[in-house]
Amino acid sequence: MNEQKALAIDLRTGFYRVERLADPKIRGPIDFGFREWERDRALCFGGGPFMGSILPGSNRLMFTGHSPCWQGFYVSTMGGAAHTFDNVGIDFVSLRGRCPEPSALLLRREGQEQVEVEIHPLPLREVFAGSGEEHDLGFFALQRHLWERFGETYSSPPRVLAVGPAALATDFGAIGSSRVDAKGLTHVDCWAGRGGLGSRMAQEHNLFGVVLGGSHIDRDFDDRKLADVYFKRRYEMRMILKDKDATRKYRYDPALQTGGTLGVNFHRLKDRLFFFNYRSVDWPLEQRLALHQRLIVEHYLRQFNEETIAEKKFAHCGEPCLAVCKKMWGPYKKDYEPYQTLGPNAGIFDQREAEKTVWLCDAMGFDTIQAGGVVSWLMELCDAGLLEPARYGLPAGRPVFDPEGFDPVHDSAHNGELARSLVHAIAERRGELDFTRGAREVARRIGERTGRPVEVLDPLVVNNAGERGWMVPNQYWVPGMFSPMPIMGKYFEYYGDDFVPPRTLGRMNAERMCQELLLDNMGFCRFHREWAEELVPEIYRDFWEDDADLRAHHRRLGRRISAANISAYYRSARVEALVHGYLRRKREEGVDRPELADWLGRFERDRPAAARDFWYEIRKGIDEAFEGW
Ligand code: SF4
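All values derive from a computational prediction rather than experimental measurement.

Draft legend 1. The overall build of the protein chain, seen in detail. The helix and strand tally for the protein chain stands at 23 helices and 18 strands. The globule rule puts the C-alpha radius of gyration for 629 residues at 25 Å, and the 23 Å found for the protein chain is close to it. For the protein chain, the C-alpha atoms occupy an extent of roughly 65 × 55 × 50 Å along the three principal directions. By the burial criterion, 64% of the 629 residues in the protein chain qualify as buried. When the accessible area of the protein chain is evaluated, it comes to approximately 22,600 Å², of which 48% is carbon and sulfur surface. Each charge class in the protein chain was averaged separately, 86 positive and 93 negative side chains, and the resulting centres sit 2 Å apart.

Listed below in C-alpha cells is the structure:
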C-alpha cells in the first residue's frame, strides 16, 4: 500500500511534524481531510495518489475543512496546483492554530532535503490595495506580491495560493491560484471557490497565502505504454485519444461550434437558463426561448464564440492537459457559472460588463457563484423597492430587471455598474450588507428593518444547512441541485435533466456523491470522469499494490460524511417555484409518468406543502441509500 506523508503545522508557533500514513482508511486527501475535520476542524489540502503522474487530470489540489458558509465539512478543489505541490514531497498538509500576524506560509523541498516550512508576516492592507496598475488589486495584488517576494527562493517556479479581501469580510471567500509559465504568473486563475475555505483560512488561521514548490522527486505513475495498455483493454484506444474524446466539449465541440463550460451550456441549456434572479422559472416556454435567442445566441454567446472560440484562446490549468478547458479573452477567464450568476441571472447580457464584474469578484477573492447569487438577489430587492441603493452609498436608480425591450449593451452596462457597486459594498461590509454570518442573516436584518421579512427572503435562492448555512446552487434547473445532501454547491448530486421521482433521486444523489468523492480522493479533475471513474480504481490497485475496493471505500466515506448532514428546508417561494417550474417543463416536454402527474397535481393544489414533501422524499432516498452501505 502507498505510504503517504502528512505535514501537520501549528501556525501559532511554526512547529511542524511529518506523519507517515499506511492506513487503509486514508487513501487520499478527502479521507485525510475528513479525519482532521472530525478531530479538530483542521483546514487541509493535498493531492491524490497519482499527482505528478501522466494520467490526464490527476493533479488537482484538494482543500477540505469546516465551511463557514455551509457550516459543515466541505471539499473544494483547484485545477493543476498539485502538479507543483508534488515537488514538495508531501501528500497532505493540515493547518491548526492562528498566525500571530497576518501571514503567508512557505513550503519548499529541494532534492532529497527535508521539507522546509516558513511563516512570513504580510503588510496585508497595503498589499490588498495594489500597486495602482490595472488589474492589480486584492487577490491578484497579493498573489503578485508573494510571487515577487518569494518566487526566486525556489529552484523551480512555485505555485502561489492566495485569498482576497472577501476572505476577511464575508463567509464565502475563496482560495485562488494562477497558473505559472516561463514568464511567471499568467491570467489563468484557478479557484477552490466553493465553501468559503478562503474565509476559514483568513479568519481562523490569520493565513492569507501559501507558496509551495521545490524539486523533490518521488515515485509516480509515468509509464505511457503501461497507461495505454489499460485504455486499450477497456476502450480499444490509446490514452491520449480516449481522453481527447472524453473531454471534447470542454475543448471544442465541432457539432456545437463552441466549447468550454460557458460555450456549451449557453448553447445547450436555452430555455433552461436562469434569467433575472430566477424569475424566468415562472415564464412561459416561448418567452424563455425568445430571450435566449435574442440576448444569448445573438449577443452574449456570439461575442464569446467570435472572440474566444474562433480565436482559439484556450489554456490549461497548470497541468498539461488536452482539454484546455480555460477559455480566455485578454486577462479574463470564462467559465459558465460565474458568467451565468454574474451574467443573465444578474441582468447582464454583455461580455464586457460580465468580464468587469466577474473580474472584480475574483480580485476581491469571492466565490463568484455565491457572489453572483447574492448580487442577483440584491438587485431584485432594489427593483422591488425593498432595498434603497443610497442607503449603502450606491448610485441611485433601479436595475433594468424586465426582459421586455431589454437592450443587451446599454441595459447590461446599467446593471453591471449596480452589480459592481454591490460587490464593493459587500467587500466593505457596508451597513446591513455584512455577510460575515452569511446571506440568510443579511435577509433577516433587511426583513426586520423593512417589516417585510417574507418578501425579502422569498427571492433568495440558496440551499440551507442548519441555523444559518447557505449555498447558492450550481446553475442547472433540476431538482438535484436543490437536494438535502450533506455537501451542496458542488456536483455531489444527480443533475441530469430527466425526471426521476424524488425518492429515487435521493438514492441517485448518494450514488453520485460517492463517485465524485472517489474522483476527488484520487486527486482527479472531474472533467475526465468519463474514463477516470472506471479506470482509476483498476490502475490504483495495480500501481500501489493495494487490493482495495475503492467503490466500497467511498461509499463508506460518503456514509460517514452524511452522518453529519444538517441540510435544512429552503423556505423560499422562488425555490419552490423553481421546482414546480421544472415539473411543468417536464410535462410540456411530453414526459408521461404517473409520478410526475401526481407531483404536479400536488404542487398545483398547494405549492409550499408539495415542495416540502418533495424535499423530504429526496432526503428519505438519500438516507436509505447511505443506510444500506
Ligand atoms: S480539464 Fe481543465 S481544469 Fe481539468 S485538468 Fe484539464 S485543463 Fe485542468
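Here the narrative resumes, following the displayed structure.
Draft legend 2. Up close: the side chain of Arg 585. Tracing the backbone through its elements, the reader meets Arg 585 in helix α21 (residues 573–588). Ignoring anything within four residues of it in the chain, the contact list for Arg 585 reads Asp 271, Arg 272, Arg 288, Trp 477 and Asp 497.

Draft legend 3. Summary view of the pairing of strand β7 (residues 103–109). Extensive coverage of β7 is indicated by the burial of seven of its seven residues. Covered by surrounding structure in β7 are Ser 103, Leu 105, Leu 107 and Arg 109 together with Ala 104, Leu 106 and Arg 108, the residues of both alternating faces. Where β7 and strand β8 (residues 116–121) come together, six bridges link them in antiparallel fashion. Along β8, the bridge assignment pairs Arg 108 with Glu 116.

Draft legend 4. Layout of helix α19 (residues 529–543). When the terminal C-alpha atoms of α19 are compared, their 19 Å separation across 15 residues agrees well with the 21 Å that a helix rising 1.5 Å per residue should span. The largest bend in α19 amounts to roughly 40 degrees and is located at Leu 535, with the proline Pro 537 lying one to four residues further along. α19 sits mainly inside the fold: 11 of its 15 residues count as buried. When we look at burial in α19, the residues that qualify are Arg 529, Trp 531, Ala 532, Glu 533, Leu 535, Val 536, Pro 537, Glu 538, Ile 539, Tyr 540 and Phe 543. Its buried side turned inward, α19 meets α7 (224–235), α8 (239–246), α9 (248–251), α18 (502–521) and α20 (550–562).

Draft legend 5. The arrangement of the packing of helix α1 (residues 29–40) against α20 in detail. Contact geometry for α1 and α20: axes closest at 11 Å, N-to-C directions at 25 degrees. Regarding the angle of α1 to α20, the classification is roughly parallel. Two packed elements cross with a definite hand, and for α1 against α20 that hand is left-handed. For the pair α1 and α20, contact is made by Ile 30, Asp 31, Phe 34 and Glu 38 and by His 553, Leu 557, Arg 560 and Ile 561, respectively. Looking at side-chain class alone, the contact of α1 with α20 contains four nonpolar, one polar and three charged residues.

Draft legend 6. Molecular detail of the packing of α18 against α20. Contact geometry for α18 and α20: axes closest at 8 Å, N-to-C directions at 110 degrees. By the angle between their directions, the pair α18 and α20 is classed as roughly perpendicular. Residues Glu 511, Met 513, Cys 514, Gln 515, Leu 517, Leu 518 and Asn 521 of α18 lie in contact with α20, whose contacting residues are Leu 550, Arg 551, His 553, His 554, Arg 555, Leu 557, Gly 558 and Ile 561. Considering only residue class, the contact of α18 with α20 consists of seven nonpolar, five polar and three charged.

Draft legend 7. Highlighting the nonpolar core. Counting residues in each nonpolar core, the largest one holds 170 residues, and the members touching the most others are Phe 45, Leu 107, Phe 366, Leu 378 and Phe 435. Take this core: its biggest share by element is nine residues, from helix α14 (residues 368–383). Within the second largest apolar cluster, 24 residues are counted, among which are Phe 231, Ala 246, Ile 539 and Tyr 540.

Cut-offs used in this document
- Residues numbered from 1 in each chain as written.
- Predicted model: local features only at pLDDT ≥ 70, side-chain atom pairs only at ≥ 80, totals over all residues.
- Heavy atoms only, no water.
- Helix = DSSP H or I, 4+ residues; strand = E, 2+ residues; numbered from the N terminus.
- Rg over C-alpha atoms; globule rule 2.2 N^0.38 Å.
- Buried < 20%, exposed > 50% of the residue type's maximum accessible area, 1.4 Å probe, protein only.
- Areas by Shrake-Rupley, 256 points an atom, 1.4 Å probe, with all protein chains shown as cover.
- Lys, Arg positive; Asp, Glu negative; His and termini not counted.
- Charge placed at Lys NZ, Arg CZ, Asp CG, Glu CD.
- Contact = heavy atoms within 4.5 Å.
- Pairing = 2+ DSSP bridges.
- Expected span 1.5 Å × (residues − 1).
- Bend = angle between axes of the 7 residues up to and from the residue.
- Axes fitted to C-alpha atoms, helices over the stretch in contact; angles between N-to-C directions.
- Parallel < 35°, antiparallel > 145°, perpendicular 65-115°, else oblique.
- Left-handed = near helix turned anticlockwise from the far one by under 90°.
- Nonpolar A, V, L, I, M, F, W, Y, C, P; charged D, E, K, R; others polar.
- Core = buried A, V, L, I, M, F, W, Y, C linked by side-chain atoms within 4.5 Å.

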